[in-house]
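Listed below, chain by chain, are the residues.
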Amino acid sequence: MTRIYLVQYDDADGDDMSLFVEARNPREAAQLWRQHYDYTSDVKPEMVIEAPALTGKPCRVTWQALNFHVGWTL
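A brief look at the structure comes next. Predicted model, so just to flag it, every value in this text is computed and none were measured.

So, how was this worked out
- In this convention, every chain numbers its residues from 1, walking through the sequence in written order.
- Only residues with pLDDT of at least 70 are given local features in this predicted model, and only at 80 or more are side-chain atom pairs given and counted; all residues enter the totals for whole chains, interfaces and linings.
- Computation of side-chain values: all heavy atoms of the structure, hydrogens and water removed.
- Strands here mean DSSP runs of E at least two residues long; helices mean DSSP runs of H or I at least four residues long; both are numbered from the N terminus.
- Buried means the residue's accessible area, taken with a 1.4 Å probe over protein chains only, is under 20% of the maximum for its type, while exposed means over 50%, and partly exposed covers the values in between.
- Any two residues having at least one pair of non-hydrogen atoms within 4.5 Å are treated as being in contact.
- Using a 1.4 Å probe, the Shrake-Rupley method yields the accessible areas, and only the shown protein chains count as cover for residues.
- Working convention for charge: Lys and Arg count positive, Asp and Glu count negative, and His plus the chain ends are omitted.
- Note on charges: their place is set at NZ of Lys, CZ of Arg, CG of Asp or CD of Glu.
- Whenever a carboxyl oxygen of Asp or Glu lies within 4 Å of a side-chain nitrogen of Lys or Arg, that contact is scored as a salt bridge.
- For two strands to count as paired, DSSP must find a minimum of two bridges between them.
- The axes used here are C-alpha line fits, helices contributing only the stretch in contact, and every angle between their N-to-C directions lies in the interval 0 to 180 degrees.
- Here the expected length of a helix is defined as 1.5 Å per residue gap, with one fewer gap than residues.
- As used in this structure description, the phrase polar contact means that two N or O atoms lie within 3.5 Å; if the pair is within protein, one of them must be able to donate a hydrogen and the other to accept it, and residues adjacent in sequence are counted only when both atoms belong to side chains.

## Details of the overall build of the protein
Regarding its fold elements, the protein presents one helix and four strands. Each helix and strand of the protein, placed in order from N terminus to C terminus, yields the pattern β-β-α-β-β. Summarising its shape, the C-alpha atoms of the protein cover approximately 40 × 25 × 20 Å along the three principal directions. The proportion of buried residues among the 74 residues of the protein is 31%. A separation of at least 24 residues holds for 38% of the contacts in the protein among residues at least 6 apart in sequence. Total accessible area on the protein is roughly 5,400 Å²; 53% of this is exposed by carbon and sulfur atoms. Positive and negative side-chain charges in the protein, numbering 7 and 11 respectively, have mean positions lying 15 Å apart.

Right, dumping it as structure tokens:
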């Protein structure tokens with residue numbers, strides 16, 4: 001099953017290189033992000049945020065409800 005992830009990264013120039021990707025897990029999300037920007041494997045995203053599952057109705061989601069993955073683990 002796939003999920004939507006927000007892969008966050010600011011490059012050395014301060015440009016926002018964040019990207020939404022659909023992946024099976026945070027590690028695959030980071031790989032797809034690297035492929036999109038043609039980064040080598042030594043470039044780590046700052047954070048990967050897993051979007052919550054859709055409920056089928058509009059609702060609020062608090063930051064505490066989100067799953068965060070830090071880049072150095074990916």
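## Thoughts on the pattern of salt bridges
Counted according to the given criterion, the structure contains two salt bridges. Residue Arg3 is joined to Glu50 by a salt bridge in which the shortest nitrogen-to-oxygen separation is 3.2 Å. Placement of Arg3 in strand β1 (residues 3–8) and of Glu50 in strand β3 (residues 47–50) is noted, with a sequence separation of 47 residues between them. Note on Arg3: relative accessible area 21%, which makes it partly exposed.

## Here's the deal with unusual backbone geometry
In most cases, non-glycine residues show a negative phi, while peptide bonds are predominantly trans. Look at Asp38: it is not a glycine, yet its phi comes out positive at around 60°. Mapping Asp38 onto the fold places it in the loop between α1 (26–37) and β3.

## Observations concerning the sheet that holds strand β4 (residues 67–70)
Reading across the sheet, the four strands line up as β2-β1-β3-β4 and stay open at both edges, with antiparallel pairing between neighbours. Each edge of the open sheet is held by one strand with a lone partner, namely β2 (19–23) and β4. Between one strand and the next, the sheet's axes are offset by a mean angle of 25°, whatever the strand orientation. With five bridges connecting them, β1 and β2 associate as antiparallel partners. Residue pairing across strands places Arg3 opposite Ala23, the latter belonging to β2. Here α1 sits on the sheet in contact with β1, β2, β3 and β4, set at roughly 130° to β2.

## Regarding α1
Here α1 spans 17 Å end to end across 12 residues, near enough to the 16 Å set by a 1.5 Å rise per residue. Residues of α1 that are buried: Pro26, Glu28, Ala29, Ala30, Trp33 and Arg34. In this fold, the buried residues of α1 make contact with β1, β2, β3 and β4. Here α1 starts with a cap whose side-chain oxygen sits 3.1 Å from the backbone nitrogen of Arg27, and that cap is Asn25. Taken from the residues just after α1, Asp38 is the one with a positive phi, measuring 60°.

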